[in-house]
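Results of the structural survey
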Amino acid sequence: MRARRKNSREKILAAAADVARESGPGSLSLEAVASRAGVSKGGLLYNFPTKAKLMQGLVEGYLREFEQALETASTNDKDENPLAVYIRLSANDYEEKQPSASWIFSAIAEDPDFMTPIKTFKRQLFERLKGETPDLKSLLVCYLAIEGLRSMNLFDSDVLSKGERDLLVSSLLEIAG
């Protein structure tokens, strides 16, 4: 059986992710992405008419990957409750260095709907966890603490040491039960 070939949209997103990791999303150029993907700039613009749409595609891809990782972790460890799975997965995700948030501001300026998939994902995730977590108070504390960590990481304003983050995560896992 032959392996499925990536379509140009997937190749472009993979190239954009590579370029963004190397130079940061704020420095992402359409020319560099097109070159890395092996497509013309016109081909890139056909799939993503603006840089903001390309960035939105990257974010949507990240959200899909996180959702898939959450599903896989939940399936593989049926003994751990969904909130604990979310905490553990988010803590692992946090350890990966995030680029500066400046690219988000430029993407929002170019396209105010940029945040829509993020808001939708977060709302759906929260509702899912709410349906799977018997204690709303524990869910609120854990969810908001993890989102706070994400925000500090994104805005490069983390004031916690590694030990303090580890203590926070272990405390959240205790709360999650």
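This report concerns the structure included in the present document. All figures in this text were calculated on a predicted structure; none of them were measured in a lab.

1. Considerations on empty space enclosed by the protein
- Overall, the coordinates contain one cavity of 30 Å³ or more when judged by the stated rule.
- If you trace the largest cavity, you find it lined by Ser90, Ala91, Tyr94, Ile146, Leu149 and Arg150.
- Those elements that provide at least two residues to the lining of the largest cavity are helix H5 (82–94) and helix H8 (136–154).

2. Examining the packing of aromatic side chains
- In total, this model carries five aromatic pairs according to the counting rule given.
- Between Tyr86 and Tyr143, the aromatic rings sit 5.7 Å apart at their centres with planes inclined by 20°, giving stacked as the arrangement. With Tyr86 in helix H5 and Tyr143 in helix H8, the pair connects residues that are 57 residues apart, well separated along the chain. Summarising the burial analysis for this pair, Tyr86 and Tyr143 share the class buried.
- Grouped by ring-pair contacts, the aromatic residues Tyr62, Phe66, Tyr86, Phe121, Phe126 and Tyr143 constitute a single cluster.

3. Comments concerning the pattern of salt bridges
- Here the structure, examined in full by the defined rule, presents 14 salt bridges.
- The partner of Arg150 in a salt bridge is Glu147, and the shortest N-O contact between them spans 3.5 Å. Here Arg150 and its partner Glu147 are both found in helix H8, three residues apart, which amounts to about one turn of the helix. The two residues Arg150 and Glu147 agree in class, both being buried.
- It is possible to trace a salt-bridge network through shared partners that takes in Glu67, Glu71, Arg128 and Glu132.

4. Things to note about the nonpolar core
- Residues Ile12, Val33, Leu54, Tyr86, Ile87 and Leu125 are the most contacted members of the largest nonpolar core, which totals 48 residues.
- For this core, the elements supplying multiple residues, two or more each, are helix H1 (8–23), helix H2 (30–37), helix H4 (51–76), H5, helix H6 (102–110), helix H7 (116–132), H8 and helix H9 (162–176).
- Once residues lying within four places of it in the same chain are set aside, the contact partners of Tyr86 are Phe66, Leu70, Leu125, Leu129, Tyr143, Ile146, Glu147 and Arg150.

Scoring rules and cut-offs
- Residues numbered from 1 in each chain as written.
- Predicted model: local features only at pLDDT ≥ 70, side-chain atom pairs only at ≥ 80, totals over all residues.
- Heavy atoms only, no water.
- 1 Å grid on protein atoms, 1.4 Å probe; cavity = no way out; pocket = protein on both sides within 12 Å on 5 of 7 lines; lining within 4 Å.
- Points joined across faces, edges and corners; volume = space filled by probe spheres on them.
- Helix = DSSP H or I, 4+ residues; strand = E, 2+ residues; numbered from the N terminus.
- Phe/Tyr/Trp six-rings, centres within 6.5 Å; stacked < 30°, edge-to-face > 60°.
- Buried < 20%, exposed > 50% of the residue type's maximum accessible area, 1.4 Å probe, protein only.
- Salt bridge = Lys/Arg side-chain N within 4 Å of Asp/Glu carboxyl O.
- Core = buried A, V, L, I, M, F, W, Y, C linked by side-chain atoms within 4.5 Å.
- Contact = heavy atoms within 4.5 Å.

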